[in-house]
Amino acid sequence: MGFYTRSSSEARVAWMLLLLCSCTLLLRAHGGGSRKLYITYLGDVRHGHPDDVVASHHDMLGTLLQSKEESVASMVYHYKHGFSGFAAMLTQDQATRLAEFPEVISVKPSRRVRTTTTRSWDFLGLNYQSSHTPASELLQMSNFGEDVIIGVVDTGIWPESRSFSDVGYGPVPARWKGECQTGPDWGINNCSRKIIGARFYTAGVPDEYLKRDSLSPRDHYSHGTHCASTAAGSAVGVDGEEASFHGLAAGVARGGAPRARIAVYKSIFAGYGDSATVLAAIDDAIHDGVDVLSLSLTVPYENSYGALHAVQKGITVVYSAGNDGPRPQTVEDTSPWVLTVAASKIDRSFPTVITLGNKQQMVGQSLYYQVKNINSSSHTASNFTKLICAQSCVPRHEILHQIDVKGAILVCLNDNDAINPSDDFHHAAKYVVEGGGSGLIFAQYTTDTLSSTVAYCPGIACVIVDIYISRRICQYAFDSSSPTAKIEPTRTVMSKDVLASKVASFSSRGPSADYPAFIKPDVAAPGANILAAVGDSYVTKSGTSMAAPHAAGVAALLKALHPDWSPAAIKSAIVTTAHVTDGHGMPILAEGLPRKVADPFDYGGGNINPCGAAHPGLIYDIDPHDYNKFFQCANVKEGISAIASCNTTSMPEYNLNLPSISVPDFRSAITVSRTVTNVGELHSVYHVVVQSPTGVKMEVFPDVLVFDAANKVRKFEVKLSPIWNFQGGYTFGSITWQNDRQVVRIPVATRITIQDFYADVA
């Protein structure tokens with residue numbers, strides 16, 4: 001329009017350039033691109049008061065974002081008690097620049113975490129008192145774990161369950177510094193002398209998950225309640241109605257430490273959680289004063305420093321190993337400072353009788369308790385009804401869609417064709433339910449979880465059989481002009497006739513893909529078909545999620561019995577006294593494809609032995625600050641964005657004083673040292689028994705350890721020499737110190753190598 005002179009045009013250009021520069025600086029401050037949750041780790045707390053720690057976090061983030069307001073808006077969690085760090089919404093560019101700050105050890109994206117018992121405690125030797133049986137010695141000596149505080153990081157808790165009754169409990173321990181956070185369905189009275197604290201963490205959790213859960217510590221997804229009652233549930237069924245799942249697995253339900261207190265940290269909402277919420281829970285638990293932390297979760301290894309700081313504060317941290325077995329290198333939570341727990345089976349079985357029309361009987365496994373079928377009152381699996389066999393129920397074969405199952409029992413042969421048996425079972429059960437069938441007999445090589453026979457089979461009978469049994473059933477069906485069968489309700493059998501312990505097929509296996517220099521898992525504990533609290537009732541669940549609270553309960557008893565023991569001492573006692581043979585004296589087996597004799601990558605030291613752990617004789621203790629030498633080097637080695645010093649003169653990983661030895665890159669003779677502390681009889685003599693890994697010569701010096709009042713700590717050395725010279729696989733052995741009263745055993749794993757980064761895939 002001609003209103004601008006030449007000089008005004010120049011001014012407009014200058015203004016536009018200034019605006020462009022300002023926008024560039026603003027984008028630089030805000031990083032550009034989408035934001036996501038990052039966790040910044042700063043190491044030990046370096047300020048005297050938590051408020052000062054928070055202020056230092058805002059100073060750092062404000063410097064990065066060039067705005068204190070932006071710092072406050074971006075911050076999600078402050079870690080200010082057990083360790084220093086924060087979780088904040090950042091762009092990738094901002095996270096990269098933040099990692100360059102000299103105070104920062106690491107900056108990593110928050111990653112999603114996954115959640116991973118009437119008979120089990122008796123099976124482990126922790127008998128509860130009854131009218132005809134006294135309580136076990138460990139329960140009596142530890143006063144049932146009274147006043148030990150177990151923190152449970154999970155999906156919350158259902159406080160009205162009988163397992164959390166506080167009748168007969170004294171005041172909350174004076175040392176407790178926790179809180180009882182309230183919400184729409186959780187009042188201050190939901191905390192008690194049993195559930196002494198409850199927190200929940202919603203920041204950073206997507207709204208889609210929060211809308212499906214309650215914004216309170218209440219558990220609507222059952223996982224946390226089940227785990228908490230397994231670890232520390234009060235005794236239910238001693239003088240009244242027994243706990244059971246519709247009459248199955250009936251008995252006294254209680255936790256391993258039934259008089260322990262429970263602190264709840266709800267970090268999982270509608271199945272969703274991430275490392276930021278879990279770290280916030282661990283940080284608060286350190287502040288609150290828990291003694292044991294039980295986490296039936298899989299947490300990314302780069303965020304394991306939360307557990308490290310907890311251990312350095314004297315807290316025993318217990319993690320589940322994961323449910324990705326029997327494949328190797330699937331074990332999770334493999335930091336050397338935590339106790340990682342595999343899942344084993346107990347001496348309880350749920351036989352379910354299948355009677356064929358020719359009166360022949362077969363036996364499978366199920367949790368079938370229904371008598372009346374939801375599809376038809378005249379066609380129930382408990383009455384003789386039509387029997388149909390399908391060569392395969394695998395979805396990709398589409399054979400099922402050609403079969404009318406109305407009123408019938410369907411048999412799925414599968415013939416080893418199932419890629420994912422759990423998904424295939426779900427598919428077949430859904431087809432039978434929707435098609436008006438009355439039952440499903442599903443062939444599977446091995447299974448250690450029966451909850452699917454309830455979860456996927458509303459109103460029908462579902463039974464799991466092995467392939468041999470399924471073929472015999474179908475042979476009858478093919479030979480008969482009018483085949484029929486009926487399925488009886490399941491019974492519960494508990495006896496030495498049931499082979500146990502065995503490592504469950506779903507339990508994740510070693511070696512660790514992150515830290516192969518440490519044997520993981522550390523130990524196995526019951527985790528298959530465990531009955532525990534869910535809401536106001538009791539339900540069986542399977543998983544290493546069920547195994548971890550068993551170990552946490554044992555750790556609580558040991559803490560009550562030996563309050564001065566460190567987390568490393570408690571872990572050592574559990575690992576070195578674990579069973580490697582079953583109740584018949586046979587080697588413990590590991591379920592899988594095929595079943596085999598278990599090794600340390602299946603169960604670590606063995607199956608947990610609570611009464612033995614109470615009096616281990618010798619312990620392998622560790623100064624918790626020794627872990628720092630390994631952890632800082634691991635940060636650099638694993639490529640974490642970090643400005644962290646790595647002391648190249650620090651000890652080799654295999655010399656960390658763990659109750660195990662692993663040498664994954666074994667090329668020439670090495671000497672490994674270990675130190676043991678006598679916690680048994682003052683004057684004791686131990687002799688060594690060496691079982692060398694195949695292909696390795698293993699010698700221990702000295703071969704006799706003598707302890708007295710002046711010599712409670714002894715060091716020994718293990719010389720390992722390869723006999724072979726080729727790229728090999730892992731072989732296993734053990735070192736056992738024993739006398740006429742004690743047996744103290746640690747597992748040994750070695751792998752002879754001749755070149756780096758060799759892919760063992762063919």
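Residues numbered from 1 in each chain as written. Predicted model: local features only at pLDDT ≥ 70, side-chain atom pairs only at ≥ 80, totals over all residues. Heavy atoms only, no water.

- The chain goes by Subtilisin-like protease in an unreviewed UniProt entry, where it is assigned to Aegilops tauschii subsp. strangulata.
- In its Sequence similarities (unreviewed entry) section, the UniProt entry covering the chain states "Belongs to the peptidase S8 family." (UniProt positions renumbered as here; feature names shortened; annotations may be inferred.)

Some words on the side chain of Asp288
Inference 1: Structurally, the position occupied by Asp288 is in helix H9 (residues 275-288).
Inference 2: Asp288 has contacts with Arg175, Trp176, Lys177, Gly178, Arg199 and Tyr265, leaving out every residue within four places of it along the chain. (Helix = DSSP H or I, 4+ residues; strand = E, 2+ residues; numbered from the N terminus. Contact = heavy atoms within 4.5 Å.)

A look at the pattern of salt bridges
Inference 1: Counted under the stated rule, the structure contains 23 salt bridges.
Inference 2: Notably, a salt bridge pairs Arg175 with Asp291, separated by 2.8 Å at the nearest N-O pair. Residue Arg175 is located in the loop between strand S6 (149-154) and strand S7 (195-200), and its partner Asp291 is located in the loop between H9 and strand S12 (292-295); the two are separated by 116 residues in the primary sequence.
Inference 3: Bridged by salt links that share partners, the residues Glu179, Arg199, Asp284 and Asp288 form one connected network. (Salt bridge = Lys/Arg side-chain N within 4 Å of Asp/Glu carboxyl O.)

Overview of the packing of helix H14 (residues 544-561) against helix H15 (residues 567-576)
Inference 1: Between H14 and H15, whose axes approach to 10 Å, the crossing angle comes to 120°. It follows that H14 is oblique to H15 by the angle criterion. Here the hand of the crossing between H14 and H15 comes out right-handed. Contacts between H14 and H15 involve Val554, Ala555, Leu558 and Lys559 on the former and, on the latter, Ile570, Ala573 and Ile574. (Axes fitted to C-alpha atoms, helices over the stretch in contact; angles between N-to-C directions. Parallel < 35°, antiparallel > 145°, perpendicular 65-115°, else oblique. Left-handed = near helix turned anticlockwise from the far one by under 90°.)

Brief notes about the pairing of strand S38 (residues 730-738)
Walk down a regular strand and you will see the side chains alternate between the two sheet faces.
Inference 1: Within S38, seven of the nine residues are buried, which leaves the element mostly enclosed by the surrounding structure.
Inference 2: In terms of strand pairing, strand S34 (residues 684-691) meets S38 through five bridges, oriented antiparallel. For Val690, the partnering residue across the bridge sits in S38 and is Ile735.
Inference 3: Two strands pair when backbone bridges link them, and S38 and strand S39 (residues 743-752) are joined in this way by nine bridges, in the antiparallel orientation. From the neighbouring strand, Gln738 faces S39, where its bridge partner is Val743. (Buried < 20%, exposed > 50% of the residue type's maximum accessible area, 1.4 Å probe, protein only. Pairing = 2+ DSSP bridges.)

Re the sheet that holds strand S33 (residues 670-678)
Whether parallel or antiparallel, the strands of a sheet pair through hydrogen bonds between backbone atoms.
Inference 1: Strand order in the open sheet formed by four strands is S31-S33-S37-S35, and the pairing between neighbours is antiparallel. Edge positions in the sheet fall to strand S31 (618-619) and strand S35 (696-701), since each of these pairs with one other strand and no more.
Inference 2: Sheet topology note: the S31/S33 ladder contains two bridges and is antiparallel. Each residue of the ladder has a partner; that of Leu618, found in S33, is Asn678.

A word on the UniProt feature "active site" (unreviewed entry) in the chain
Inference 1: Taken from the UniProt record, the annotation "active site" (unreviewed entry) applies to Asp154, His223 and Ser545. Taken together, the annotated residues stretch across 392 residues yet fold into one region, lying no more than 10.0 Å apart by C-alpha.
Inference 2: Looking at where His223 falls in the secondary structure, it is placed in helix H8 (residues 223-232).
Inference 3: Checked against the element boundaries, Ser545 lands in helix H14.
Inference 4: Sequence-distant contacts of Ser545, that is, excluding residues within four places in its chain, are made with Thr115, Thr116, His223, Cys227, Ser296 and Ser320.
Inference 5: Engagement of the side chain of Ser545 in a polar contact is seen with the side chain of His223, the distance being 2.9 Å. (Polar contact = N/O pair within 3.5 Å; in protein donor to acceptor, adjacent residues only side chain to side chain.)

As for the state of the cysteines
Inference 1: Scanning the model with the defined rule gives four disulfides in all.
Inference 2: The disulfide bridge from Cys180 ends at Cys191, spanning 2.0 Å between sulfur atoms. Judged by the sign of its S-S torsion, about 95°, the cystine formed by Cys180 and Cys191 is right-handed. Pair noted here: Cys180 is in the loop between S6 and S7 and Cys191 is in the loop between S6 and S7, with a separation of eleven residues, a long-range link. The burial state of Cys180 is the same as that of Cys191; both residues are buried.
Inference 3: Covalently, Cys393 is tied to Cys412 through a disulfide, its sulfur atoms 1.9 Å apart. Negative torsions about the S-S bond denote left-handed disulfides, and the value of about -85° found for Cys393 with Cys412 makes this one left-handed. In this pair, Cys393 is assigned in the loop between strand S19 (385-390) and strand S20 (409-412) and Cys412 in strand S20, connecting sequence segments 19 residues apart.
Inference 4: Its relative accessible area of 1% is what places Cys393 among the buried residues.
Inference 5: Looking at Cys412, the relative accessible area reads 0%, which means it is buried. (Disulfide = S-S within 2.5 Å.)

Structural notes on the side chain of Ser512
Inference 1: In this fold, Ser512 is placed in the loop between strand S25 (502-503) and strand S26 (523-526).
Inference 2: A polar contact of 3.0 Å, which involves the side chain of Ser512, links it to the side chain of Thr334.
Inference 3: Looking at Ser512, its side chain comes within polar contact range of the main-chain nitrogen of Asp514, at 3.1 Å.
Inference 4: Every residue in contact with Ser512, bar those within four places of it in the chain, is listed here: Val331, Thr334 and Phe518.

So, the sheet that holds strand S32 (residues 661-666)
Inference 1: If you trace the five strands from one edge of the open sheet to the other, you get S32-S39-S38-S34-S36, paired in mixed fashion. Of all the strands in the sheet, just S32 and strand S36 (704-707) have a single pairing partner and so form its edges. Each neighbouring strand pair of the sheet contributes to a mean axis angle of 20°, computed without reference to strand direction.
Inference 2: Pairing of S34 with S36, which is carried by four bridges, proceeds in the antiparallel orientation. Within S36, the position partnered with Tyr686 by the bridge is Leu705.

Focus on the packing of aromatic side chains
Inference 1: Within the structure shown, the criterion is met by 15 aromatic pairs.
Inference 2: Relative to Phe83, the ring of Tyr79 lies with its centre 5.5 Å away and its plane at 35°, an arrangement referred to as tilted.
Inference 3: Overall, the relative accessible area of 0% leaves Phe83 in the buried class.
Inference 4: Centre to centre, the rings of Tyr209 and Tyr272 are 4.7 Å apart; their planes meet at 25°, and the pair counts as stacked. In this pair, Tyr209 sits in helix H7 (residues 207-210) while Tyr272 sits in the loop between strand S10 (261-266) and strand S11 (273-274), placing the two residues 63 residues apart along the sequence. Accessibility classification places Tyr209 together with Tyr272 in one group, the buried group.
Inference 5: Feature note: the residues Tyr41, Tyr79, Phe83 and Tyr305 constitute an aromatic cluster, connected by ring pairs.
Inference 6: Its guanidinium or amino end placed over the ring of Trp158, Arg218 lies 4.6 Å from that ring's centre, counting from NZ or CZ.
Inference 7: Sitting over the face of the ring of Tyr169, Arg259 holds its NZ or CZ atom 4.2 Å from the ring centroid. (Phe/Tyr/Trp six-rings, centres within 6.5 Å; stacked < 30°, edge-to-face > 60°. Lys NZ or Arg CZ within 6 Å of the ring centre and 35° of its normal.)

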